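Observations on chain architecture
Chain by chain, the residues:
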Amino acid sequence: MNPEQARWFGENFANIVGNVERVIMGKPEAIRLAVTCLLAEGHLLLEDYPGTGKTTLARALAQSVQGTNSRIQFTPDLLPSDVTGVTIFDQKSGEFEFHQGPIFAAIVLADEINRASPKTQSALLEVMEESRVTVDGQSYPVGQPFMVIATQNPIEQAGTYRLPEAQLDRFLMKTTLGYPDHEATMRILATGGSRPRSTALPAVISAAQAAEMSQLAASVHIESSVFDYIARLTAATRTLEDVRLGVSIRGALALVRSSRVWAASLGRHFVVPDDIKMLAIPCLAHRLILDPEAEFNGVQAVDVMAEVIGSVPPPTERQPA
């Protein structure tokens, strides 16, 4: 990526964020993380309270990049075929036909994902990693862009299943929207009569341009010293007393992909250590499996990751020519 391409990327990124901010007010950082996740070809886990705009965020993102969106309400009786689709025999043609499930969309909202059984949750593992679904031995690509936004309620845990480590590791980021501040709340209340607020959002780029931005972000330059910093950060998580399972190589790669998009969103064609510091918690904290005794004592993965960032010295910044 050259400086001119970085400027073009940054302008488009800002247009997407600004478009989404028309319906998600007062949450610029969360929106930037969500757009970064989309352009890094990753998936987002939102642990948040009901009514904070998670569905609106998914719909607004899809409309901003001229893509389709779908919503799957995860419940204990949901079956894998309800997610991926099913093969049905057509008596007229005498052949089996595949009927696509709601997973075939640009932006898929998996609402309360931890309410479904592990068997149903496993239906997402292949499509989140490989962007395709295999039914009856036949593979079907879901297209580009493709992003799963999954939600969890941090309060109500009755009748839920804890997400397995393999599934958590497939989410590029985990973040929260949270409640808006007073000023944003006032603006939301003032426009509350136009429900739903995201139906009129125009597209600011096409799906093809979003895919082009994703490909372009892969060419953002990263110095070897920054790679070394990422490696030291992830390695440090595996030696902590309170951590039973540290960050995997997939997690380190997720941080690399996210940092490239984040740097380009700021109009830069290279990654700096501050990009890594900014993204380390949303990209890595949810991958930490804490020791049960540490969890009982109130230790949180976010705090552990913050300690790691503070203890691992970053390299001296050196901008490439």
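The shown structure was predicted, so the numbers you read here are calculated from the model rather than taken from an experiment.

1. What about the overall build of the chain?
For the chain, the helix and strand inventory stands at 14 helices and 11 strands. Relative to the 2.2 N^0.38 estimate, which gives 20 Å for 321 residues, the radius of gyration of the chain is 20 Å and therefore close to what a compact globule would have. By the burial criterion, 49% of the 321 residues in the chain qualify as buried. Nonlocal contacts in the chain, meaning residues at least 24 apart in sequence, comprise 78% of its contacts between residues at least 6 apart. In the form shown here, the chain has an accessible surface area of approximately 15,200 Å², with 52% of it arising from carbon and sulfur atoms. Charged side chains in the chain number 27 positive and 36 negative. The centres of these two groups are separated by 3 Å.

2. Topic: the sheet that holds strand β1 (residues 44-47)
Sheet architecture is open: five strands sit in the order β2-β5-β8-β1-β9, paired in parallel fashion. What marks the edges here is a single partner per strand, and that holds for β2 (69-73) and β9 (173-175). Looking at each pair of strands side by side, their axes are set apart by 20 degrees on average, direction ignored. Looking at chain direction, β1 and strand β8 (residues 147-152) are connected through four bridges and run parallel. Bridge pairing links leucine 44 to isoleucine 149 in β8. Sheet strands in contact with helix α2 (residues 28-39) are β1, β5 (107-111), β8 and β9, and its direction is about 165 degrees off that of β9.

3. A few points about the domain arrangement of the chain
Considered domain by domain, the chain is made up of domain 1 (1-190) and domain 2 (220-316). Relative to domain 2, the C-alpha centre of domain 1 lies at a distance of 23 Å. The interface is formed by 25 residues belonging to domain 1 together with 25 residues belonging to domain 2. A buried area of about 2,100 Å², summed over both sides, lies between domain 1 and domain 2, and 59% of it is on carbon and sulfur atoms. When the area that domain 1 buries against domain 2 is broken down by residue, the three leading residues are Met1, Asp169 and Leu172, summing to 26%. Taken together, domain 1 and domain 2 are joined by three salt bridges.

4. Let's talk about the pattern of salt bridges
In this structure the tally under the stated criterion is 12 salt bridges. The closest approach of N and O atoms between arginine 132 and glutamate 130, which form a salt bridge, is 2.8 Å. Residue arginine 132 is classed as partly exposed on the basis of its relative accessible area, which comes to 36%. Here arginine 232 ties to aspartate 228 by a salt bridge, and the two come within 2.8 Å at their closest N and O atoms. Here arginine 232 and its partner aspartate 228 are both found in helix α10 (residues 224-237), four residues apart, which amounts to about one turn of the helix.

Cut-off values and rules
- Residues numbered from 1 in each chain as written.
- Predicted model: local features only at pLDDT ≥ 70, side-chain atom pairs only at ≥ 80, totals over all residues.
- Heavy atoms only, no water.
- Helix = DSSP H or I, 4+ residues; strand = E, 2+ residues; numbered from the N terminus.
- Rg over C-alpha atoms; globule rule 2.2 N^0.38 Å.
- Buried < 20%, exposed > 50% of the residue type's maximum accessible area, 1.4 Å probe, protein only.
- Contact = heavy atoms within 4.5 Å.
- Areas by Shrake-Rupley, 256 points an atom, 1.4 Å probe, with all protein chains shown as cover.
- Lys, Arg positive; Asp, Glu negative; His and termini not counted.
- Charge placed at Lys NZ, Arg CZ, Asp CG, Glu CD.
- Pairing = 2+ DSSP bridges.
- Axes fitted to C-alpha atoms, helices over the stretch in contact; angles between N-to-C directions.
- Domains from an automatic or database assignment.
- Buried area = accessible area lost by both parts, 1.4 Å probe.
- Salt bridge = Lys/Arg side-chain N within 4 Å of Asp/Glu carboxyl O.

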